[in-house]
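Geometric and topological summary
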Amino acid sequence: MEYAKLGNSGLKVSRVCLGTMTWGRQNTQADADEQLAYALEQGVNFIDTAEMYAVPPTPDTYGKTEAIIGDWLSRNANKRHDIIIATKIAGNGLSWIRDGQDITKEAVINAVDKSLARLQTDYIDLFQLHWPNRTSPHFAKHWPGIMNINNVDKTQQRAQMHEILEGLDVCVRAGKIRHCGLSNETPWGISQYLELAKHYSLPSMVSIQNEFSLVHAKDWPYVIEHCHHEDVAYLPWSPLAGGMLSGKYLDGARPSGSRWTISQRNGLFRDTELAQQAVAKYQDIAQQHGMTTAQLALAWVNQVQGVTSTIIGATTQAQLIENITAFSMHLDDTALAQIDEVLRLYPAPF
């Protein structure tokens, strides 16, 4: 397993981050125990979760993933200092989480305490903001005309960011969290948080999680370059595009128990004709190089300059083994040239 610096935190994280959002919905405690045991054996030391999980988010599944990790930690306390746990505070829009209100200083402080209780630990290594208080261009909202940037009150947003940083500072000073990060943000949002932190001597953001894959590479190079020069770790989530880049959903297939058979909060927005065509071409390339389509997709993300650690998820042990194996695979110049050709044909297929 290879490791990388987590931004300016001083922490070293595995290039593979174990995502957990299916635990508590598609996966049981026993499944999670098995996944954790295998991942740790392979050298994975980075675990990502969120208060909102399991997914799809519902009042019944809220907090279940953190509780599953907490159950495991209660039985494996000796391993706590060997792993880096990242979790996230949910943003606005979910009525059963703080009445769907914005993230505030008070919300941060309360959410940290509740996450600590569910995780059964006395500190969180990386506490992240799951999405901004303003609408951000994620979850298929990146096309011109979908967002109205004129509706954003810049002064209000900066004031909210400042207040959020003050809440994070309270938690850092209390030893409840070690570092802070972002998710589903933009270069403007990243720059505002960094500027405010520096100006007011508040905690600096050390990382950002954004969706990034062969069918959703919009963060290269603009966001990733910004992160690189500001020493902010870039952590791709959904590197398989919600499972699409495994090839299992080609031609409308819906394998029993798979994620796309479950109602999704944002719908199946990745399932477009162009995306299907792109995945079929990537599948052909993978077969030529003796790997699965999922492994091709993960190996590619891992080789993108500026990527720190890729967040993977699996609902079966076989998927987990397949996915982790991808990070020991190297794409040669021929494979990269073939992939580049498809990327140029389908730069934004959904």
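Quick summary incoming for the structure in this document.

Thresholds applied
- Residues numbered from 1 in each chain as written.
- Predicted model: local features only at pLDDT ≥ 70, side-chain atom pairs only at ≥ 80, totals over all residues.
- Heavy atoms only, no water.
- Helix = DSSP H or I, 4+ residues; strand = E, 2+ residues; numbered from the N terminus.
- Buried < 20%, exposed > 50% of the residue type's maximum accessible area, 1.4 Å probe, protein only.
- Contact = heavy atoms within 4.5 Å.
- Polar contact = N/O pair within 3.5 Å; in protein donor to acceptor, adjacent residues only side chain to side chain.
- Core = buried A, V, L, I, M, F, W, Y, C linked by side-chain atoms within 4.5 Å.
- Arc of directions from axis to C-beta.
- Expected span 1.5 Å × (residues − 1).
- Axes fitted to C-alpha atoms, helices over the stretch in contact; angles between N-to-C directions.
- Parallel < 35°, antiparallel > 145°, perpendicular 65-115°, else oblique.
- Left-handed = near helix turned anticlockwise from the far one by under 90°.
- Nonpolar A, V, L, I, M, F, W, Y, C, P; charged D, E, K, R; others polar.
- Pairing = 2+ DSSP bridges.

**A word on the environment of Ser-136**
Here Ser-136 is to be found in the loop between strand E6 (124–129) and helix H4 (154–173). In this structure Ser-136 comes out as buried when scored by relative accessible area, which is 7%. Along the backbone, Ser-136 and Gln-156 are 20 residues apart, and their C-alpha atoms lie at a distance of 15 Å. Those residues within four positions of Ser-136 in sequence are excluded, and the remaining contacts are Lys-141, Met-147 and Asn-184. For Ser-136, the side chain forms a polar contact with the main-chain oxygen of Asn-184, separated by 3.2 Å.

**A closer look at unusual backbone geometry**
With an omega dihedral of -5 degrees, the bond running from Val-55 to Pro-56 counts as a cis peptide bond. Inspection of the secondary structure assignment puts Pro-56 in the loop between strand E4 (46–48) and helix H2 (64–75). A cis geometry characterises the amide bond from Trp-220 onward to Pro-221, with omega recorded as 0 degrees. In this structure, Pro-221 sits in the loop between strand E8 (205–211) and helix H6 (222–230). If you check the backbone angles, Asp-99 has positive phi at about 60 degrees while not being a glycine. Considering the arrangement of structural elements, one finds Asp-99 in the loop between strand E5 (84–89) and helix H3 (105–119). Positive phi outside glycine occurs at Asp-231, with the angle close to 60 degrees. Structurally, Asp-231 is set in the loop between H6 and strand E9 (233–237).

**Some details on the environment of Gly-189**
With respect to the helices and strands, Gly-189 occurs in helix H5 (residues 187–200). Given a relative accessible area of 0%, Gly-189 falls into the buried group. For the pair Gly-189 and Ser-136, spaced 53 residues apart in the sequence, the C-alpha separation amounts to 9.4 Å. If we skip the residues at most four places from it in the chain, Gly-189 touches Arg-134 and Met-161.

**Some details on the nonpolar core**
Grouped together as the largest cluster of nonpolar side chains are 89 residues, with contacts concentrated most on Tyr-282 and Trp-300. Among the elements that take part in this core, helix H8 (residues 293–303) stands out by supplying seven residues, more than any other. Leu-6, Val-13, Phe-46 and Ala-86 belong to the second largest nonpolar core, which has 13 residues in total.

**A closer look at helix H9 (residues 317–325)**
Those residues of H9 not exposed but buried are Gln-317, Leu-320, Asn-323 and Ile-324. The buried residues of H9 occupy an angular sector of 125 degrees when the element is viewed end-on, so they sit on one face.

**Concerning H3**
Relative to the 21 Å expected for 15 residues at 1.5 Å per residue, H3 spans 21 Å between its end C-alpha atoms, a close match to the ideal helical length. Buried positions along H3 lie against H2, E5, E6, H4 and strand E7 (177–183).

**Some details on the packing of H8 against H9**
Their axes nearest at 8 Å, the elements H8 and H9 cross at an angle of 40 degrees. If you check the angle between H8 and H9, you find them oblique. The two elements H8 and H9 meet at a crossing, and its hand is right-handed. From H8, Ala-294, Gln-295 and Leu-298 reach across to H9, where they touch Glu-322, Asn-323 and Thr-325. Classifying every residue of the contact of H8 with H9 by side-chain character gives two nonpolar, three polar and one charged.

**Here's the deal with the sheet that holds E9**
Strands sit in the order E9-E8-E7-E6-E5-E4-E3-E10 across an open sheet of eight strands; the sheet is parallel. Because the sheet does not close on itself, it has two edges, and the strands there are E9 and strand E10 (310–312). Between one strand and the next, the sheet's axes are offset by a mean angle of 30 degrees, whatever the strand orientation. Sheet topology note: the strand E3 (residues 16–19)/E4 ladder contains three bridges and is parallel. When the bridges of E4 are listed, Cys-17 appears paired with Phe-46.

Function cannot be inferred from these measures alone, as they are strictly geometric.
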